[in-house]
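Okay, here's what each chain looks like letter by letter:
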Amino acid sequence: MGERGARLVVAIDLKKKPWEQKQRLHNRWHPDIPPVAAVTAGELFRVEMVDFSGGAITQNHAAHDVKYLDPSIVSSYFTLSMVPPARRLVVPIDLKKKPWEQNPPLHNRWHPHIPHVATVNTGQVFRVEMVDWTGGAIKDDHSALDVKFLDLSTVHYLSGPIRIVDNEGIPAKPGDLLAVEICNLGPLPGDEWGFTATFDRENGGGFLTDHFPYATKAIWYFEGIYAHSPQIPGVRFPGLTHPGIIGTAPSMELLNIWNERERDVEENGIKSFKLCEVLHSRPLANLPSTKGCLLGKIEKGTAEWEKIAKEAARTIPGRENGGNCDIKNLSRGAKVYLPVFVEGANLSSGDMHFSQGDGEVSFCGAIEMSGFLELKCEIIRGGMKEYLTPMGPTPLHVNPIFEIGPVEPRFSEWLVFEGISVDESGRQHYLDASVAYKRAVLNAIDYISKFGYSKEQVYLLLSCIPCEGRISGIVDAPNAVATLAIPTAIFDQDIRPKNNKIPVGPRLVRKPDVFKCTYDGNLPITRNPSVTP
């Protein structure tokens, strides 16, 4: 659609001197200096710059370059910032290739025997690039059919594993903690767009799939830190970019624990189609499957591949190793303290999000994108025993600790919607936080739709804006209380309740709508008789 990336109008070759650049630089102001490029108003464009000295200040361990710098040449070769030192790229992504064609190869399962693709030292800043979680299956087009028929056996595509060693070459050991700092992150250059979607009820569903059983899709375009969507007009907001998945490899013992307990809940769990008798979500667990399995360097068709594919855990839920935690605040400056279960830790990441709301309620619900992480790791020897208390029968039943970074959007005004553990039929549930959060989301959807939006637009919006979900009360029987706080500044109109009625006019007619498919199944649909159609 021609809106994916910023056009590069001034390129810099760091191997060349300032006066050798293809597009000439300048260090004076004068009206007759000719332009090197032309851009159109409203067009997003990219300008690269050398540092203010034109590379005269080096990374050596002396100050002679500063002492003898010629001040007549600086200030500058026009620039506003220093060019950062190069990061070691350990997992590159070629956007022209399929996930299974990448070099090094990707993987979409957790298993201790998936070989590492790179080794990095503690203290070293390194860069990992990632495809979106579907591996490019969702397109920037005018249809939601790609969402409706997505093969969910293939997701998530992860970059790694990455082996972590200390500066003496000693790898991380089981029982250590791996401290992973997110130094920088963002969309892959040239691919600055993303998508939010709901799955068909017969293929993935989602939190409100009984209300929204059909596949939908909205495309988002990025302008620096901001996102906007032609399918959800009147909304623009800064993203809190983060990886949905970051985790270490499980040991065989932990993998067996996962598979045993998840198989038990799938085979012996609630037989009713409705989870908690309210939430229409199936399956109860995503068990190991060879279908769609990608195991990195292990070649499909070999005996080793067949064995590991039957054991390897799906990446859908978060677990003891971190994994798919979808914590929206893990942005620049954040740290993740991951337990180490295998030698080298075997760190993997993926499922990059430009922005996400708490709960990611539509399931394909963040602004999904391809992206990169720049990371730095430290090893805390014996850190699992020192800092993590097992909540289960073995020392492996631990969970990571997450340290939120200092950089995030600032919002000062919020509209908060409450939900209690009473379902749409009026039935009371006992301290059920899932039912309460469902009510809060439904309340928000119905309210915001009064301002010219379809309910599908609002459902996708609440999944990807940086809204704040809370369990506000979990002890006052019989009602759990959940809340959903929405920043009002993201809208181009005032959505607060007022004395006068909601205004009616062209500004409130939100067209076009999200891309939508038909629902062809026959599962029951939940309709609240009291809300507006």
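Residues numbered from 1 in each chain as written. Predicted model: local features only at pLDDT ≥ 70, side-chain atom pairs only at ≥ 80, totals over all residues. Heavy atoms only, no water.

(A) Up close: the sheet that holds strand β17 (residues 335-339). Read from one edge of the open sheet, six strands run β3-β6-β20-β8-β17-β21, paired in mixed fashion. With one partner strand each, in any of the chains shown, β3 (88-91) and β21 (401-403) form the two edges of the open sheet. When the angles between neighbouring strand axes are averaged without regard to direction, this sheet yields 30 degrees. (Pairing = 2+ DSSP bridges. Helix = DSSP H or I, 4+ residues; strand = E, 2+ residues; numbered from the N terminus. Axes fitted to C-alpha atoms, helices over the stretch in contact; angles between N-to-C directions.)

(B) Looking closely at the state of the cysteines. All chains considered together, the criterion is met by zero disulfides. Looking at the unpaired cysteine 325, the closest cysteine sulfur is the one in cysteine 377, lying at 16 Å. For cysteine 364, which is in no disulfide, the shortest distance to another cysteine sulfur is to cysteine 464 and amounts to 11 Å. A residue is classified by how much of its surface remains accessible, and cysteine 364, at 1% relative accessible area, is buried. (Disulfide = S-S within 2.5 Å. Buried < 20%, exposed > 50% of the residue type's maximum accessible area, 1.4 Å probe, protein only.)

(C) A nonpolar patch on the surface, seen in detail. A contiguous nonpolar patch, built from Val39, Phe45 and Val47 and spanning about 230 Å² of accessible area, is present on the exposed surface. With respect to the helices and strands, the residue valine 47 is situated in strand β2 (residues 45-47). Take valine 47: its relative accessible area is 39%, and that puts it in the partly exposed class. (Patch = residues over 30% accessible without salt bridge, like charges linked within 9 Å, V, L, I, M, F, W, Y side chains within 5 Å. Areas by Shrake-Rupley, 256 points an atom, 1.4 Å probe, with all protein chains shown as cover. Salt bridge = Lys/Arg side-chain N within 4 Å of Asp/Glu carboxyl O.)

(D) Spatial organisation of the environment of glycine 205. On the secondary structure map, glycine 205 appears in the loop between β9 (193-198) and β10 (216-223). Given a relative accessible area of 7%, glycine 205 falls into the buried group. Along the primary structure glycine 205 and valine 435 are separated by 230 residues, whereas in three dimensions their C-alpha atoms are 17 Å apart. Contacts of glycine 205, omitting those with residues within four sequence positions, involve Phe199, Asp200, Ser362 and Phe363. (Contact = heavy atoms within 4.5 Å.)

(E) Structural view of the environment of leucine 152. Counting through the fold element by element, leucine 152 comes out in the loop between α2 (145-148) and β7 (158-165). Among residues more than four places away in sequence, those in contact with leucine 152 are Trp133, Phe199, Asn203, Gly204 and Arg314.

(F) Expanded view of the sheet that holds strand β22 (residues 414-420). Read across the sheet, three strands follow the order β22-β24-β23 without closing on themselves; strand pairing throughout is antiparallel. This sheet does not close on itself; its edge strands, each paired only once, are β22 and β23 (468-473). Taking the axes of each pair of neighbouring strands and ignoring which way they run, one obtains an average angle of 25 degrees across the sheet. Sheet topology note: the β23/strand β24 (residues 481-487) ladder contains five bridges and is antiparallel. Residue pairing across strands places isoleucine 471 opposite alanine 482, the latter belonging to β24. Along the sheet face, helix α6 (residues 433-448) touches β22, β23 and β24 and points at about 135 degrees away from the line of β22.

(G) Spatial organisation of the side chain of histidine 242. Of note, histidine 242 is situated in strand β13 (residues 242-248). Contact partners of histidine 242, with chain neighbours within four places excluded, come to Leu185, Ile327, Lys328, Leu330, Ser331, Asp351, Met352, His353, Ser355 and Gln356.

(H) A look at the pairing of β22. Only one face of β22 is buried: it carries Leu415, Phe417 and Gly419, and the other face, with Trp414, Val416, Glu418 and Ile420, is open. Bridge count between β22 and β24: seven bridges; the pairing is antiparallel. Residue pairing across strands places leucine 415 opposite isoleucine 486, the latter belonging to β24.

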